[in-house]
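Okay, here's what each chain looks like letter by letter:
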Amino acid sequence: MLDRTVVSLDLNKVGIEPEMLAQFRKLIHKPNGIILVTGPTGAGKTTTLYSALNELNTINDKIITTEDPVEYEIEGIVQCPINHEIDLTFALALRAILRQDPDIILVGEIRDLETAQIAVQASLTGHMVFSTLHTNDAPSTITRLRDMGVEPFLLTATLEGILAQRLVRKICANCREEFTPSAEMLMELNMKPQEAKGKKFYYGAGCERCNNLGFRGRSGIFELITMDDELRDLISSGASTDALRNHVRARGTPGLREAPEGAPLRRDDHRRNRARDSARRRILRS
């Protein structure tokens, strides 16, 4: 459950490092196109998109969302919850939204081909569309959409950017201890022994400050892909996920593993996480 009282919908507080945030801001201010935020459940996708909408929320633009469910209520934005009991799906809601002449649309999640096709058509007719997708990283998002049945030429015409994100736990600074990783650990990290030279590795020993977990707080890591002509050519030719990933790495876009550490969540978020963990422990004990 989300505690709406402690969440600040501000892009500056999401945790994206400044250079990437400047690129993301440039994307969300485009007049039309599709921007996708990807990652597993609980990665913070909704908070990122709501922060973007909150920044775009002006008296001049009409913003309509369709969500399952509506997680944060934002003044000035029309928000429509999905209701499966009356067959109100993302696709049907999106069709109705397009008749209301919106400027910006948020689709909670692209789950099927019909929703994807309507989102594409909406962006082609001058709308800015935001949505989420469940993929492991940004390059695999393109493959996922193609597997759904979206034509490559439509992807190249509408897709403007993909932001993949994760929330990772931070080692408690109060009880962290340095150690030398074994060869098996380095293998799991896809690191060679020579790559580990000069790097410091830590683990959380556990203390009262972190409830003996060894972790305290969370931090965001992000991967942002912006479209260029070469990437569009690769998509049109049906390039594999590996080819797409190699291209974005070659042009200097770091992956999630290499991404710079984002800003830690605010103290209010730490307090909320501790309260949530405490509630879980009480439930397990009962």
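Our subject is the structure listed above.
Here the structure is a predicted model, which means the values were calculated and not measured.

1. Let's talk about the environment of Arg 166
Thought 1: With respect to the secondary-structure elements, Arg 166 resides in strand 6 (residues 159-171).
Thought 2: Through-space distance from the C-alpha of Arg 166 to that of Gly 44 is 7.2 Å; in sequence the pair is 122 residues apart.
Thought 3: The contacts of Arg 166, once residues within four sequence positions are left out, are Gly 39, Pro 40, Ala 43, Thr 135, Asn 136, Ser 219, Gly 220, Ile 221 and Leu 256.
Thought 4: Reaching out from Arg 166, the side chain makes a polar contact with the backbone oxygen of Asn 136 at a distance of 2.7 Å.

2. A look at the pattern of salt bridges
Thought 1: Across all of its chains, the model carries nine salt bridges by this definition.
Thought 2: The residue Glu 114 makes a salt bridge to Arg 95 at a minimum N-O spacing of 3.2 Å. With Glu 114 in helix 4 (residues 113-124) and Arg 95 in helix 3 (residues 90-98), the pair connects residues that are 19 residues apart, well separated along the chain.
Thought 3: Given the relative accessible area of 36%, Glu 114 is considered partly exposed.

3. As for the packing of helix 9 (residues 229-236) against helix 10 (residues 241-250)
To describe two helices that pack against each other, one gives the angle between their axes and the distance between the axes.
Thought 1: Following both chains from N to C, one finds helix 9 and helix 10 inclined at 175 degrees, their axes separated by 10 Å at the closest point. Here helix 9 is positioned roughly antiparallel relative to helix 10, judged by the angle of their axes. On helix 10, the residues that touch Glu 230, Leu 231, Leu 234 and Ile 235 of helix 9 are Ala 243, Leu 244, His 247 and Val 248.

Calculation notes
Residues numbered from 1 in each chain as written. Predicted model: local features only at pLDDT ≥ 70, side-chain atom pairs only at ≥ 80, totals over all residues. Heavy atoms only, no water. Helix = DSSP H or I, 4+ residues; strand = E, 2+ residues; numbered from the N terminus. Contact = heavy atoms within 4.5 Å. Polar contact = N/O pair within 3.5 Å; in protein donor to acceptor, adjacent residues only side chain to side chain. Salt bridge = Lys/Arg side-chain N within 4 Å of Asp/Glu carboxyl O. Buried < 20%, exposed > 50% of the residue type's maximum accessible area, 1.4 Å probe, protein only. Axes fitted to C-alpha atoms, helices over the stretch in contact; angles between N-to-C directions. Parallel < 35°, antiparallel > 145°, perpendicular 65-115°, else oblique.

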